[in-house]
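Reading the structure
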Amino acid sequence: MTLLGIVVVIIGFALRFNPLLVVVAAGIVTGLAGGLSMERILTIFGEAFVKNRYLPLFLLTLPVIGLLERNGLKEQALSIIGKIKAATTGRLLILYLFIREVAAAVGLTALGGHAQLVRPLIAPMAEAAAENKFGPLPENTRNKIKAFSASADNVGLFFGEDIFIAFGAVLLMKGFYEQHGIFLEPLQIALWGIPTAIAAFIIHGTRLFLLDRAIQREVQQALTGSPGAKELNNHAN
Amino acid sequence: MLISLDHIYYVLGALIAVVALLSFLDKNNPKRLLTGTFWGLYSIVFLFGTMISPVYMGVLVIAMAVIAGFGGVGTGRHEEATLEQRTAKARKLGNWLLMPALLIPAVTVFGTLGLKDFKLGGLQLLEKANLTLVSLGIACVLALVFAMLLTRDKGLQPVRESRRLFDAIGWAAVLPQMLATLGALFAAAGVGEVVAGLVSSAIPVDNRFMVVLAYGVGMALFTMVMGNAFAAFPVMAAGIGLPLIVQMHGGNAAIVASIGMLSGYCGTLMTPMAANFNIVPAALLDLPDKNGVIKAQVPTALILLTVNIFLMYFLVF
């Protein structure tokens, strides 16, 4: 019965209700199923919400980031990356993966992101790099490059941020153990994120490296698929 | 003690309060009253969180969820700098623009490591128990002052820019905190024990590898269901990590937490429930396949999950 809250979460998300509402509903259902009174449930909501006020402390960086954006932070970042002559899609995304992971590891999680950087900057640059090399791209290939651009942001962020001692997840883990009488320094937890961070970079970096070959293959297949190109191909044989 | 975490909360509360006020006044936001109320309620959490009785705070939290849940949090209109203005500024300021952003982690690390026992007039300068968070708060304030001097933008401009970003993030800013709250309710209702019971009956608990495997895969699966590793962690750690790996087999608690959480992140890469990482970017990038980003990530996630489980097995004991 106490697992009823999990069912609420699954159904709520599947029906695309607002996540905040789903979480609150799941909390109430779980509490009631666990035999707690409504008053007790409200108290836990209030207590836990106030106790976890440190999680949104990243909001304090927004005035700085907002001000810098207004003054051309993104444009400056573009000009820096533009000077690096990384010619291929794969290499460009590996570089972004690396920068994103290292920046997240020192707490700069706000530098990057899908809306701020991937859509306006990274994905177009990755597409342009492939076009420079292979000419016009098939639609599928173009979408694949976009999807991999988004993936580089996610993988870099996720496996970098846990190394930063002030990151929410690290503090959440510290808080969890404290409730159970085990006291850890954030640094102890953060350090053990490093092996996985290195593995994530190697694994996803390798896949991005192989992406260049996949793009080349797909472009060639598309060319041999069209009648004119087939003829060219026959002549070549 | 001169500067405590509460002071930092007041600064954040004040920032959100001004954002709420600007939202109220934004006639171009059709939902300005509800949007303003949402942020207004949120600022109360930081300004008066510990003074108000938890029961009423609970009601406040649910009110926020209801406002957001029925689409009450809208986006206002923002007077953004044009591309030409931004490019001109970037050319003028150059790499100096990166400095305030880099100042935040630099000051945070300096405060955490360097000011641990620093006293001013016999008083401890920074609250020791929350050294990193207090340092982070101070770093943000210093970086803001530096950024304002650098860009010569004055007055409310940083808050206006913050509201632009607050609007872009919307109710999602509150989600991590809400998920932590769900974790507390799961703990109070004994969900961890139920999961532990189910796991114990399903696997041989005296086999170290099987326990680590169940914990790692459980974190990934539960994260896929909840859409967030933060919500999965308290349940799986209370159910398997702490009682079975740490207490029964004597594993290292820090490693159990860290690699467990990162196994959860492998789940985040594979689920549409993690909407802002997987579904939102698919929409932002105009992908015809809503799951396109997930499909690009699944192989990485599965390989990395395997690596995590072996890392945990070899490092934790």
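Overview of the structure. On a predicted model such as this, the values are computed, not experimentally measured, just so you know.

Cut-offs applied
Along each chain, the written sequence defines residue order, and numbers are assigned to residues from 1. For this description, chains carry letters from A and ligands carry numbers from 1, given in the order in which they are written. Two thresholds apply to this predicted model, a pLDDT of at least 70 for residue-level local features and 80 or more for giving and counting side-chain atom pairs, whereas whole-chain, interface and lining totals are computed over all residues. Excluding hydrogens and water, the side-chain figures rest on all heavy atoms present in the structure. Under the DSSP-based scheme used, a helix requires at least four consecutive residues in state H or I and a strand at least two consecutive residues in state E, with every element numbered from the N terminus. For this analysis, residues touch if any pair of their heavy atoms sits within 4.5 Å. Each accessible area value is a Shrake-Rupley result obtained with a 1.4 Å probe; residue values ignore everything except the protein chains displayed when judging cover. In this tally, Asp and Glu contribute negative charge and Lys and Arg positive charge; neither His nor the terminal groups of the chain are included. To locate a charge, take NZ of a lysine, CZ of an arginine, CG of an aspartate or CD of a glutamate. Only protein atoms enter the calculation, which uses a 1 Å grid: trapped sets of points that fit a 1.4 Å probe without letting it out are cavities, open sets showing protein on both sides within 12 Å along at least five of seven lines are pockets, and any residue with an atom within 4 Å of a point is a lining residue. Grid points are joined across faces, edges and corners, and a volume is the space filled by probe spheres set on the points. In this classification, Asp, Glu, Lys and Arg are treated as charged, Ala, Val, Leu, Ile, Met, Phe, Trp, Tyr, Cys and Pro as nonpolar, and every other residue, Gly included, as polar. Think of a patch as exposed residues, more than 30% relative accessible area, with no salt bridge, where like charges cluster within 9 Å and nonpolar side chains (Val, Leu, Ile, Met, Phe, Trp, Tyr) cluster within 5 Å. When a carboxyl oxygen of Asp or Glu lies within 4 Å of a side-chain nitrogen of Lys or Arg, that pair is called a salt bridge. Relative accessibility thresholds used throughout: buried, under 20% of the residue-type maximum; exposed, over 50%; partly exposed, between the two (1.4 Å probe, protein chains only). Polar contacts, as counted here, are pairs of nitrogen or oxygen atoms within 3.5 Å of one another; within protein the pair requires one atom able to donate a hydrogen and one able to accept it, and residues that are adjacent in sequence qualify only if both atoms are side-chain atoms.

**Remarks on the overall build of chain B**
Within chain B, the secondary structure is distributed over 14 helices and two strands. Projected onto its principal axes, the C-alpha positions of chain B cover 65 × 60 × 45 Å. Long-range pairs, those at least 24 residues apart, make up 69% of the contacts in chain B with a sequence separation of at least 6. About 13,000 Å² of surface is accessible on chain B, with carbon and sulfur atoms providing 68% of the total. One way to put it: in chain B the 19 positive side-chain charges average out to a point 7 Å from where the 14 negative ones average out.

**As for empty space enclosed by the protein**
According to the stated counting rule, one finds two cavities of 30 Å³ or more in the structure shown. Roughly 40 Å³ of internal volume is contained in the second largest cavity. Together, Arg 53 of chain A together with Asp 6, Tyr 10, Phe 46, Leu 47, Phe 48, Gly 49, Thr 50 and Met 51 of chain B line the second largest cavity. Among the elements of the structure, helix H1 (5-25) and helix H2 (32-48) of chain B are those that each provide at least two residues to the lining of the second largest cavity. It is H2 of chain B that provides the largest number of residues to the lining of the second largest cavity, a total of three residues. Of the residues belonging to the lining of the second largest cavity, the class tally is five nonpolar, two polar and two charged.

**A closer look at a nonpolar patch on the surface**
Where nonpolar side chains cluster on the molecular surface, the patch consists of Met 1, Leu 4, Val 7, Ile 11, Leu 15 and Phe 17 of chain A and spans about 620 Å² of accessible area. Assignment of secondary structure puts Leu 4 of chain A in helix H1 (residues 4-14).

**Re the side chain of Arg 163 of chain B**
Residue and element names in this part refer to chain B. Considering the arrangement of structural elements, one finds Arg 163 in helix H7 (residues 157-169). Assessed through its relative accessible area of 8%, Arg 163 is described here as buried. In terms of polar contacts, Arg 163 uses its side chain to reach the backbone carbonyl oxygen of Arg 77, at 3.4 Å. Once you skip the residues sitting within four places of it in the chain, Arg 163 turns out to touch Val 19, Leu 22, Ser 23, Asp 26, Gly 76, Arg 77 and His 78.

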